[in-house]
Amino acid sequence: MPLSEIPPAGPAGAAEPPVRSAAVWAALDPLVGDGPLQVLDVGGGAGVFAVPLAQLGHTVTVVDTSADALATLRRRADLAGVGDLVRGVQGDADQLGAVPAPGGGFDLVLVHSVLEVVDEPAVTLAGIAAVLRPGGHLSVTVANRAGAVLARALGGHPVEAHALLGDRDPAPARSRTRPGRRRFGPDELLALVAGAGLTAGDWRGVSVVADLLDTGSGADPAALRRLELDLAGVSPYRDVAGGLHVIAVRGAAATGTGQP
Ligand SMILES: C[S@@+](CC[C@H](N)C(=O)[O-])C[C@H]1O[C@@H](n2cnc3c(N)ncnc32)[C@H](O)[C@@H]1O
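This is a predicted model, so every value here is computed, not measured. (Residues numbered from 1 in each chain as written. Predicted model: local features only at pLDDT ≥ 70, side-chain atom pairs only at ≥ 80, totals over all residues.)

All right, on to the overall build of the protein then. The helix and strand inventory of the protein stands at nine helices and seven strands. Put simply, the protein has 260 residues, and 45% of those count as buried. Partitioning the contacts of the protein with sequence separation of at least 6, the portion at a separation of at least 24 is 72%. (Helix = DSSP H or I, 4+ residues; strand = E, 2+ residues; numbered from the N terminus. Buried ≥ 20, exposed ≤ 12 C-beta atoms within 10 Å, placed from the backbone. Contact = placed C-beta atoms within 7 Å.)

Listed below in structure tokens is the structure:
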């Protein structure tokens, strides 16, 4: 069964349609069809990716700073019947050397929606490259600055949109109590990946339209999913998606040019 057909577990184990991340699941499919793989999910949280990967038979280690997220991960994994394949480790993305790794390194590392909040994304990626086996793959998703500008503007917040356009904090008052969240452009993402010594494939947009729709839009989820998949790899649509996704490989050429 391809990964894209396993719905990620929603809150309390309920299934939810993976429309917003359809392109990510589809890009991972060719990598996870064989195995079993040793997977590391950095900042994997409550297991939105880890649990479906374990359902495919892979062994998944999730490293996350949040004890609450890891407790939810444990419940979800047990509920899905894959508790023995999922291991939660409370730890920091910048200290992956402390995480027990398989001999030769991990086959696949995910770092999804985490580089926005780590202390230094280049340090995190260098640490990831060090635990990836030669020929192993990295899957990265990050928030897209252009998509954030568009979403704020369409949400009726032009001042915040303008701040994001200039790469400034859209909510400085809130950031006094909570660290601000980084956004990236495709060129920045590719440079970070290359800086870690990894070879990037083509990048795609994550949630080109799904996050812009009202929950009550009535859009057919299956049609929306097909639309997301077709828009994800095509400019100008991918350029304004909510997120960016790229798969990179350690030490060999990946599919695509890695060019923005
Ligand atoms: C937005 S969630 C993403 C969860 C998951 N990767 C996904 O795509 O569904 C970010 C996760 O990163 C974790 N996190 C934040 N900073 C971290 C750090 N420095 N090291 C490890 N995990 C971190 C948070 O606890 C949270 O679970």
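Omega for the peptide link from serine 235 to proline 236 comes to 10 degrees, which places this bond in the cis form. Turning to its location among the elements, proline 236 is positioned in the loop between helix H9 (221–231) and strand E7 (243–250). Phi at aspartate 167 is positive, roughly 60 degrees, even though this residue is not glycine. Secondary-structure assignment places aspartate 167 in the loop between helix H6 (158–165) and helix H7 (172–175). By C-beta crowding, aspartate 167 is classed as exposed, having 10 other C-beta atoms within 10 Å.

Okay, the packing of helix H5 (residues 145–154) against H6 next. At a closest axis distance of 7 Å, the pairing of H5 and H6 adopts a crossing angle of 165 degrees. Considering their axes alone, H5 and H6 lie roughly antiparallel with respect to each other. At the point where H5 passes H6, the crossing takes the left-handed sense. Touching Arg145, Ala148, Val149, Arg152 and Ala153 of H5 are Pro158, Glu160, Ala161, Leu164 and Leu165, all from H6. (Axes fitted to C-alpha atoms, helices over the stretch in contact; angles between N-to-C directions. Parallel < 35°, antiparallel > 145°, perpendicular 65-115°, else oblique. Left-handed = near helix turned anticlockwise from the far one by under 90°.)

Here we take up the pairing of strand E5 (residues 132–143). Counting buried positions along E5 yields nine of 12 residues, so the element is predominantly enclosed. Relative to E5, strand E4 (residues 106–112) is paired through six bridges, and the arrangement is parallel. Pairing of valine 109 across the sheet is with leucine 138, part of E5. Considered for its hand, the β-α-β crossover made up of E4, helix H4 (residues 121–131) and E5 is right-handed. Relative to E7, E5 runs antiparallel, the two being bridged by seven bridges. Bridging across to E7, histidine 137 finds its partner in valine 249. (Pairing = 2+ DSSP bridges. Right-handed = clockwise from strand over helix to strand, strands pointing away.)

Its 13 residues place the ends of helix H3 (residues 67–79) 18 Å apart at the C-alpha level, agreeing with the 18 Å of an ideal helix rising 1.5 Å per residue. Turning to H3, its buried residues number three or more, namely Leu70, Leu73, Arg76 and Ala77. Angularly, the buried residues of H3 cover 120 degrees about the axis, an arc narrow enough to put them on a single face. For H3, the exposed residues lying more than 90 degrees away from the buried face are Ala67, Asp68 and Ala71. (Expected span 1.5 Å × (residues − 1). Arc of directions from axis to C-beta.)

Looking now at the site of the ligand. Not every one of the 17 residues close to the ligand is listed here, only the nearest: Gly43, Gly45, Ser66, Ala93 and His112. For the shell around the ligand, the residue count by class is eight nonpolar, seven polar and two charged. (Near = placed C-beta within 6 Å. Nonpolar A, V, L, I, M, F, W, Y, C, P; charged D, E, K, R; others polar.)

So, about the environment of leucine 56. Within the fold, leucine 56 resides in the loop between helix H2 (50–55) and strand E2 (59–64). Judged by the 22 C-beta atoms lying within 10 Å of it, leucine 56 falls in the buried class. C-alpha of leucine 56 to C-alpha of aspartate 34: the two residues are 22 residues apart in sequence and 9.1 Å apart in space.

To continue, consider the nonpolar core. Formed by 72 residues in total, the largest nonpolar core has its most connected members in Val42, Val86, Val109, Ile128, Leu189, Val193 and Val246. With eight residues, the top contributor of residues to this core is helix H1 (residues 22–32). No fewer than three residues from each of domain 1 (3–144 + 184–248) and domain 2 (147–182) sit in this core. (Core = buried A, V, L, I, M, F, W, Y, C linked by C-beta atoms within 7 Å. Domains from an automatic or database assignment.)

Spatially, the seven strands line up as an open sheet ordered E3-E2-E1-E4-E5-E7-E6, and their pairing is mixed. Looking at strand neighbours, the two that pair on one side only are strand E3 (86–90) and strand E6 (198–206), the edges of this open sheet. The average undirected angle you get between the axes of adjacent strands in this sheet is 15 degrees. Direction of pairing for strand E1 (residues 38–42) relative to E4: parallel, over a ladder of four bridges. Of the residues in E4, the one forming a bridge with valine 39 is leucine 108. Docked against the sheet, H1 engages E4, E5, E6 and E7, running at close to 145 degrees with respect to E6.

Further remarks concern the confidence of the model for the protein. Of the residues in the protein, 87% reach a pLDDT of 70 or more, and the chain-wide mean stands at 89. Note on residues 8–17: pLDDT under 50 across the span, and 19 contacts to partners over four residues away in sequence or across chains. (pLDDT = per-residue confidence, 0-100.)

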